[in-house]
Amino acid sequence: MTKPQPLPLFPHRHLLGIKGLSPIDIELLLDRADDAVAISRQSEKKTTSLRGRTQINLFYEASTRTQASFELAGKRLGADVMNMSVASSSVKKGETLIDTAMTLNAMRPDILIIRHASAGAAALLAQKVDCAVVNAGDGAHEHPTQALLDALTIRRALGRIGGLTVAICGDVLHSRVARSNIILLNALGARVRVVAPSTLLPSGIRDMSVEVYNTMKEGLEGADVVMMLRLQRERMAGAFVPSVREYFRYWGLDAEKLKHAKEGALVMHPGPMNRGVEIASEIADGPQSVIQDQVEMGVAVRMAVMEALLDPRRTEAGDAA
Amino acid sequence: MSVTVFHNARIVDPSRNLDEIGTVITDGTAIIAAGSAALNQGAPEGATVIDCSGKAILPGLVDARVHIGEPGAEHRETIASASQAAAAGGVTSIIMMPDTDPVIDDVALVEFVLRTARDTAVVNVFPAAAITCGLEGKEMTEFGLLREAGAVAFTEGRKTIANSQTMRRALTYARDFGAVIDHVTQDPHLSATGVMNEGLFASWLGLSGIPREAELIPLERDLLLARLTRSNYHAATLSTAMSMQAIARAKADGAKVTAGASIASLSLNENDVGEYRTFFRLTPPLRAEEDRLAMVEALRDGTLDILVSSHDPQDVDTKRLPFADAEPGAIGLETLLSAALRLYHNGDVPLLRIVDALSSAPAKRFGLSAGTLAPGARADLILVDLEEPWVVHERDIRSRSKNTCFEGARLQGKVLQTLVAGRTVHQA
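Computed from a predicted model, the values in this text were never measured in an experiment. (Residues numbered from 1 in each chain as written. Chains lettered and ligands numbered in written order. Predicted model: local features only at pLDDT ≥ 70, side-chain atom pairs only at ≥ 80, totals over all residues. Heavy atoms only, no water.)

Trainee: Lay out the overall build of chain B with the relevant residues and their values.
Mentor: Scanning chain B for helices and strands turns up 12 helices and 18 strands. What you see for chain B is a C-alpha radius of gyration of 21 Å, in line with the 22 Å of a compact globule of 428 residues. Structurally, chain B occupies a C-alpha span of about 65 × 45 × 45 Å along its principal axes. Within chain B, buried positions represent 62% of all 428 residues. Across chain B, contacts joining residues at least 24 apart in sequence account for 75% of those joining residues at least 6 apart. A total of about 15600 Å² of accessible surface is found on chain B, and carbon and sulfur atoms cover 49% of it. (Helix = DSSP H or I, 4+ residues; strand = E, 2+ residues; numbered from the N terminus. Rg over C-alpha atoms; globule rule 2.2 N^0.38 Å. Buried < 20%, exposed > 50% of the residue type's maximum accessible area, 1.4 Å probe, protein only. Contact = heavy atoms within 4.5 Å. Areas by Shrake-Rupley, 256 points an atom, 1.4 Å probe, with all protein chains shown as cover.)

Pasting the structure below:
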């Protein structure tokens, strides 16, 4: 038996998006996440790889699941985790993102997790602080850990990503999840489709390395994975689509529409779901749904990302400052 | 009377279609002669003679779109600090936008600006007044009284009048006073959440786009109304190929319309936004390269009449934010000429046309006694080394705000000396 090789060093200081990651970088994070899944399934879930490290979760947008997932990931790695709740912070008093960042930076955290309603907020923060920054969603730009956890879920369920056909359905226009997934899935060699009413597709979508469909029947035809997106409540009534019932009729995932996909196709959703809007309950809770697996993989992927960014070999090499 | 002779200069005077080596003679406040034949009588007795070999003399520039923070936001810019920046950039006359706090929509405010400029500014400051009270797009301001007080144009500043009836009445009423309506066209609904040019680049960045049609739709409306009312209309800051076609059609129809653009729209494109660089968040947004090229061509053929800096000082508190949360706008007084000279050095546009768009054309459009080296004119002129390379550094910026699109840019052509009414207000 050969001695296990140490994992290669992750070559980036921050995780601001999937853009900029090579397929090797992505596979490395997924491999690390596979190990983290095993840890999370033990009764003793605590490790020491981030012992003594400080993690700050800075969430400008309300998010129960992503924040909880990052918090749990940090704790399982042994880090000290602090949550900055926007409602009770100086953000409400008009302090800018940069001023908040500088203040937090002075507390010498090792890693900052940020979610913000504005595209580019994570990159802006990364310019101003000395520690690693993880983008937990910035406006309609990127949500890299979501794309990674989706990829991990697919890889574990179907054994591969290359060559699969993945249909991303719904509000692509406003979705950071869609952008990160389009980049990641293309990088790993999947065929990516988007399916949505044209009012929910961004300008230039045809040049974004995807096939564009406006009907679920055509878009889902032969798909291996059906990835549903959340439709924000304020976009349902009149502004982008006329009504919930019309949206569900044409773009909501129900048993009838799912029949067009490959038999046994995976059904995914980043959550939180609007049951009866973009997805029928029978499908969300049905045998093809891997939505709960996605939540489990989320913790594992976030453990993998933080471990990779705070790799002790990096500190020894002197490039962590 | 102290006579100064600028000898052996390349004299570029678009008001007389003149680009030749010659001499400029001033009597201390006015120009006595300028051209190749100016020295035929020999230098006057006791004159100061300055050899300008290898340098150019241009009329002082006229910047028809300058936002200043006084009154209301003096931490960004005062009339005095803007005038220092202007002098350094070779701009001897500025038309100041009325979107201050309070808005310049009343005779007293026009008088305040003129008084403050007289006491603190080193260049000529011409106030533009609001078209509607408080820039609310509803009730017209007192065009007659404001003009008498010294307002040289009527504009809503950064805003577009949404109501077509209001626009029609303003154009009609302005005609009786010979006033120019100077208007930015950006449909407020179509551009509502937009922060940059609509397209693939914005989509990848997750930023909401402003389609070209947001500029064209109100522009076409205004051009139709300008034809209907036979009024003087100036489209202030256009940015697209489609807009240039619309202007060309209106001019061919004989409408009394002119077009302006910010130099940024001819120097930069949407790719300069890069990774959310907020100094490149502008209104109108930086467009695609095809649009930039069309704008350059329009400048060359005269469809685009006037170039402006759209000088818009913004502070750290309004720019050091995520892209969509930042205010649009960039300063530009100090880089206006050098950025425009890129088009000359590239061979895209002749020097005479560039200088025209920066001086004679705006002076003529807004009825200012400026933008010319004709004998008898006020001695507002600049001495320029057209070739000298320089790099824009934040530390050298005179403006109180530092939000330039040209930080670190290599430019060619530098203002060596700026004279306003014969007085040197800047010397490099």
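After presenting the structure, the write-up continues.
Trainee: I'd like to hear about the overall build of chain A, residue by residue, with values.
Mentor: Of regular secondary structure, chain A possesses 12 helices and nine strands. Relative to the 2.2 N^0.38 estimate, which gives 20 Å for 321 residues, the radius of gyration of chain A is 20 Å and therefore close to what a compact globule would have. Once the C-alpha set of chain A is aligned to its principal axes, its extents read approximately 60 × 55 × 40 Å. Counting the 321 residues in chain A, one finds 56% classified as buried. Put simply, 72% of the contacts in chain A that link residues at least 6 apart link residues at least 24 apart. When the accessible surface of chain A is summed, it comes to about 13700 Å², and 52% of that surface belongs to carbon and sulfur atoms. Counting 38 positive and 36 negative side-chain charges, chain A places the averaged centre of each group 2 Å from the other. (Lys, Arg positive; Asp, Glu negative; His and termini not counted. Charge placed at Lys NZ, Arg CZ, Asp CG, Glu CD.)

Trainee: Could you give me a rundown of the pairing of strand 5 (residues 165-169) of chain A, with the residues and numbers involved?
Mentor: Residues and elements named next belong to chain A. Counting buried residues along strand 5, five of its five residues qualify, which places the element largely inside the surrounding structure. Of the two faces of strand 5, the one carrying Thr 165, Ala 167 and Cys 169 and the one carrying Val 166 and Ile 168 are both buried. Looking at chain direction, strand 5 and strand 6 (residues 191-195) are connected through five bridges and run parallel. Looking across to strand 6, one finds that Val 166 is bridged to Val 192. Traced from strand 5 through helix 6 (residues 176-187) to strand 6, the parallel crossover comes out right-handed. (Pairing = 2+ DSSP bridges. Right-handed = clockwise from strand over helix to strand, strands pointing away.)

Trainee: Let's hear about the interface of chain B and chain A: which residues, and what values?
Mentor: Of the residues lining the interface, 15 residues belong to chain B; the matching set on chain A comes to 23 residues. Ranking the residues of chain B by area buried against chain A places Trp 204, Arg 320 and Pro 322 of chain B at the top, with a combined share of 41%. Taken together, the links from chain B to chain A amount to two salt bridges. Arg 320 of chain B is the partner of Asp 99 of chain A in a salt bridge, and the nearest nitrogen-oxygen pair spans 3.7 Å. Remark: the boundary between chain B and chain A carries four residue pairs in polar contact (both at pLDDT 80 or more). Taken together, the residues that form the side of chain B that touches chain A break down as eight nonpolar, three polar and four charged. (Buried area = accessible area lost by both parts, 1.4 Å probe. Salt bridge = Lys/Arg side-chain N within 4 Å of Asp/Glu carboxyl O. Polar contact = N/O pair within 3.5 Å; in protein donor to acceptor, adjacent residues only side chain to side chain. Nonpolar A, V, L, I, M, F, W, Y, C, P; charged D, E, K, R; others polar.)

Trainee: Describe in detail unusual backbone geometry, supporting the description with residues and values.
Mentor: All names here are of chain B. For the peptide bond that leads from Asp 101 to Pro 102, omega is 5°, which places it in the cis range. Summarising the element assignment, Pro 102 is placed in the loop between strand 7 (91-96) and helix 2 (107-120). A cis geometry characterises the amide bond from Thr 283 onward to Pro 284, with omega recorded as -5°. Even without being glycine, Leu 135 reaches a positive phi, approximately 55°. Among the structural elements, Leu 135 can be located in the loop between strand 8 (124-127) and helix 3 (143-149). Taking the relative accessible area as the measure of exposure, Leu 135 reaches 7% and is therefore buried. Phi angles above zero are rare outside glycine, and Tyr 276 is one such case at about 60°. By the secondary structure assignment, Tyr 276 is in the loop between helix 8 (264-267) and helix 9 (289-301). Its relative accessible area of 9% is what places Tyr 276 among the buried residues.

Trainee: Describe the sheet that holds strand 4 (residues 132-138) of chain A, with residues and values.
Mentor: In a beta sheet, neighbouring strands pair by backbone hydrogen bonds and run either parallel or antiparallel. Residue and element names in this part refer to chain A. With parallel pairing, the four strands of this open sheet are ordered in space as 2-1-3-4. Among the strands making up the open sheet, the edge pair consists of strand 2 (80-85) and strand 4. Ignoring which end each strand starts from, the neighbouring axes of this sheet average 15° apart. Judged from the five bridges that link them, strand 3 (residues 111-116) and strand 4 form a sheet pairing that is parallel. Following the sheet pairing, Ile 114 is matched in strand 4 by Asn 135. Strand contacts of helix 4 (residues 121-128): strand 3 and strand 4, with the helix running at about 165° to strand 4, the strand carrying the most contacts. (Axes fitted to C-alpha atoms, helices over the stretch in contact; angles between N-to-C directions.)

Trainee: Give me the lowdown on the nonpolar core, citing residues and values where you can.
Mentor: With 102 residues, the main nonpolar core has Ile 181, Tyr 233, Leu 266 and Leu 304 of chain B as its most contacted residues. Among residues more than four places away in sequence, those in contact with Leu 304 of chain B are Met 244, Ala 259, Gly 260, Ala 261, Leu 266, Met 295, Ala 298, Leu 299 and Arg 353 of chain B. Within the second largest apolar cluster, 66 residues are counted, among which are Val 166, Ala 196, Val 299 and Leu 310 of chain A. (Core = buried A, V, L, I, M, F, W, Y, C linked by side-chain atoms within 4.5 Å.)

Trainee: Could you give me a rundown of the UniProt feature "domain: Dihydroorotase catalytic" (unreviewed entry) in chain B, with the residues and numbers involved?
Mentor: Here the UniProt feature "domain: Dihydroorotase catalytic" (unreviewed entry) sits at residues 54-240 of chain B. Structurally, residues 54-240 of chain B comprises 36% helix and 18% strand, and the distance from its first C-alpha atom to its last is 36 Å. (UniProt positions renumbered as here; feature names shortened; annotations may be inferred.)

Trainee: I'd love a proper account of helix 11 (residues 291-309) of chain A, names of residues and values included.
Mentor: With 19 residues, helix 11 of chain A ought to run about 27 Å at 1.5 Å a step, and its terminal C-alpha atoms sit 27 Å apart, in line with that. Among the 19 residues that make up helix 11 of chain A, 14 are buried, leaving the element largely enclosed by the rest of the structure. (Expected span 1.5 Å × (residues − 1).)

Trainee: Give me the lowdown on the UniProt feature "binding site: L-aspartate" (unreviewed entry) in chain A, citing residues and values where you can.
Mentor: Residue and element names in this part refer to chain A. Mapped onto this structure's residue numbering, the UniProt feature "binding site: L-aspartate" (unreviewed entry) falls at Lys 93, Arg 176 and Arg 230. Structurally, the position occupied by Arg 230 is in the loop between strand 8 (225-228) and helix 8 (244-251). In this structure Arg 230 comes out as partly exposed when scored by relative accessible area, which is 26%. In contact with Arg 230, not counting residues within four places along its chain, are Asp 171, His 269, Pro 272, Met 273, Asn 274 and Glu 278.

Trainee: Lay out a nonpolar patch on the surface in plain terms, naming residues and giving numbers.
Mentor: On the surface, Met 140, Tyr 173 and Phe 177 of chain B cluster together into a nonpolar patch covering about 240 Å² of accessible area. A relative accessible area of 33% means that Phe 177 of chain B is categorised as partly exposed. (Patch = residues over 30% accessible without salt bridge, like charges linked within 9 Å, V, L, I, M, F, W, Y side chains within 5 Å.)

Trainee: I'd like a description of the domain arrangement of chain A, backed by residues and values.
Mentor: All names here are of chain A. When its domains are assigned, chain A resolves into domain 1 (14-141 + 296-311) and domain 2 (144-290). A straight line from the C-alpha centre of domain 1 to that of domain 2 covers 25 Å. Counting from both sides, the interface comprises 33 residues of domain 1 and, opposite them, 24 residues of domain 2. For the pair domain 1 and domain 2, the two sides together bury roughly 2200 Å², of which 65% comes from carbon and sulfur. Per-residue buried area on domain 1 facing domain 2 is highest for Ile 18, Leu 30 and Met 297; these three make up 26% of the total on that side. There are five salt bridges connecting domain 1 and domain 2. Linking Arg 176 and Glu 61 is a salt bridge whose minimum nitrogen-to-oxygen distance equals 2.9 Å. Put simply, domain 1 and domain 2 have eight residue pairs in polar contact (both at pLDDT 80 or more) between them. Of all elements in the fold, only helix 1 (23-40), helix 2 (64-76), strand 3, strand 4 and helix 11 reach the threshold of two or more residues within the side of domain 1 that touches domain 2. The element contributing the most residues to the side of domain 1 that touches domain 2 is helix 1, with nine residues. (Domains from an automatic or database assignment.)

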